[in-house]
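Read off the chains here:
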Amino acid sequence: SGTAPRGAIWRFAGLTAVLSVGYGGVFAVLADRRDRFCFTESQLGLFAGVGFFAGFVAQLTVAPLADRGTAARIVRVGLAVAALAMAWMSVATDIWQFVLARLLFGLASGSVTPAVRRLVITADPDRVGDNLGRLTAADVSGFVAGPLLAAGLAEVGGIRLPFSPLAVGFGLLLLLSTRLPAVVASGAARRGWPMGELGRIRGIRAALFAAVAFYVTIGFFEATWALLLDDLGASTLAIGISLSLFTIPMIFLAPVGGRLAQRRGHGAIVAYSISAATLCTLVYGWVDVLAVLYVVAVVHAVADSFTMPANMVAVAVAAPSELAASAQALLSATGTLVGGAAALVCGTLYGAYGAEVVYTTAAGAMAVFLAASVLTSRGGRPDARDGVPPGATSVPG
């Protein structure tokens, strides 16, 4: 085992940020795509949904292959596919072309992200929390910057312009990725689908319950936050500022949250952070003063800054080192599935019953899954992996 140079960790963070720029930038020009190509809302819904579905499938099928010594190769292939997808979007004209390109990008993102986390986890096991926190910060930064960059480029050069620089960026990352190490876990590679084995590990079950609680509120927030503020009289600019307020604390605090999770344990962090997020979620449905909601959103963001990396660290610590990518993929897939389902449910609830029912329901669900996480982490005999940092061996490749 060894310790990766700090520069290598920052390269992983940069790669994650660029992927997120592409992910966020795609959505910034949805309205322009509807106007320019006369696509319907249902067609745009298909375009957005197929990416989530593709990412979910890749997380459960392709990403676990990174545990067999192919993490660096998966990153390279994924970057090539991402570059192809963005290049295709820059010249596409029909909805089926956009949908297939979005499908390719979803497959690439869902495959690359767990592989990158594995490389980070196994390359520097002594600083897993700090480094996963940096990846979280890079992910959030890229997602925030993506829509701004895409909107600015579209304003200057039209709807097609944002995709060409992204295609070039992914191509450059592909060239740089030839220097990535092939990181091999210390244990023997496993055959077969590993998710069932991971689900039997108590520490991972606790993290997955916490992830469900976290992504319930993410799904509800993304689907209804703009509607809530609009109903309370907020301008489009104010809504955009509120989203920035929500993400800025994560950029700076996620590495801190990762370090604390590694030192003090997953349960000690999420018991407080998800409890705070649950209370904030409840407040959204019952307070109609915009200034108060903005303050509560900042508190919520601070709490999420600890929850996100804590969950990543928890599965990194609990999983056998030879299943590091599979564990991260399982966590991501859980978030994708729960967030998507929550967004679908809460849209219907909001239209039928209003904000009070939507956010009270979300807070109740969060409380239930947080309790399940805490009880799981505290009950029963300790797992063999509890509290043991994942070891690894790094070899050139």
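Bear in mind the structure is a predicted one, so any value in this text is a computation, not a measurement.

Asker: Which parts of the structure should I look at to understand the packing of aromatic side chains?
Answerer: Geometry of an aromatic ring pair is reported as the spacing of the ring centres plus the angle between the planes. Across all of its chains, the model carries six aromatic pairs by this definition. Look at tryptophan 88 and tryptophan 96: their rings are 6.3 Å apart centre to centre, the planes differ by 80 degrees, and that puts the pair in the edge-to-face class. Between phenylalanine 105 and phenylalanine 170, the ring centres sit 5.8 Å apart and the planes meet at 50 degrees, which makes this aromatic pair tilted. With phenylalanine 105 in helix H5 (residues 95-123) and phenylalanine 170 in helix H7 (residues 163-176), this pair connects stretches of sequence that are 65 residues apart. Aromatic ring contacts, followed pair by pair, group Trp225, Tyr284 and Tyr359 into a single cluster.

Asker: Is there a simple way to explain the nonpolar core in this structure?
Answerer: Side chains that are nonpolar tend, in soluble globular proteins, to be buried together. Core analysis: the largest hydrophobic core is formed by 111 residues, its most contacted members being Met86, Phe170, Leu198, Ile204, Trp225 and Tyr284. Top contributing element to this core by residue count: helix H12 (residues 290-318), with 16 residues. Excluding its chain neighbours within four sequence positions, the residues that come into contact with tyrosine 284 are Phe221, Trp225, Leu228, Phe246, Leu293, Val296, Ala297, His300 and Tyr359.

Asker: Please clarify how H5 should be interpreted in this entry.
Answerer: One full turn of an α-helix is made of 3.6 residues, so residues set three or four places apart face in the same direction. With 29 residues, H5 extends 42 Å between its outermost C-alpha atoms, agreeing within 8% with the 42 Å of an ideal straight helix rising 1.5 Å per residue. Counted residue by residue, H5 has 23 buried out of 29 residues, so it is predominantly covered.

Asker: Hey, could you run me through the packing of helix H4 (residues 71-91) against H7 in this one?
Answerer: Pairs of packed helices are described in terms of their axes, by the angle between the two and the distance that separates them. H7 packs onto H4 with a crossing angle of 160 degrees between their chain directions and a minimal axis gap of 8 Å. Compared by their axis directions, H4 and H7 come out roughly antiparallel. The two elements H4 and H7 cross, and the hand of that crossing is left-handed. In this structure, H4 uses Arg76, Leu79, Ala80, Ala82, Ala83, Met86, Ala87, Met89 and Ser90 to contact H7, whose residues at the interface are Phe163, Ser164, Leu166, Ala167, Phe170, Gly171, Leu173 and Leu174. Grouping the amino acids of the contact of H4 with H7 by side-chain chemistry returns 13 nonpolar, three polar and one charged.

Thresholds, definitions, all that
- Residues numbered from 1 in each chain as written.
- Predicted model: local features only at pLDDT ≥ 70, side-chain atom pairs only at ≥ 80, totals over all residues.
- Heavy atoms only, no water.
- Phe/Tyr/Trp six-rings, centres within 6.5 Å; stacked < 30°, edge-to-face > 60°.
- Helix = DSSP H or I, 4+ residues; strand = E, 2+ residues; numbered from the N terminus.
- Core = buried A, V, L, I, M, F, W, Y, C linked by side-chain atoms within 4.5 Å.
- Buried < 20%, exposed > 50% of the residue type's maximum accessible area, 1.4 Å probe, protein only.
- Contact = heavy atoms within 4.5 Å.
- Expected span 1.5 Å × (residues − 1).
- Axes fitted to C-alpha atoms, helices over the stretch in contact; angles between N-to-C directions.
- Parallel < 35°, antiparallel > 145°, perpendicular 65-115°, else oblique.
- Left-handed = near helix turned anticlockwise from the far one by under 90°.
- Nonpolar A, V, L, I, M, F, W, Y, C, P; charged D, E, K, R; others polar.

Just geometry here; none of it tells us what the structure is for.
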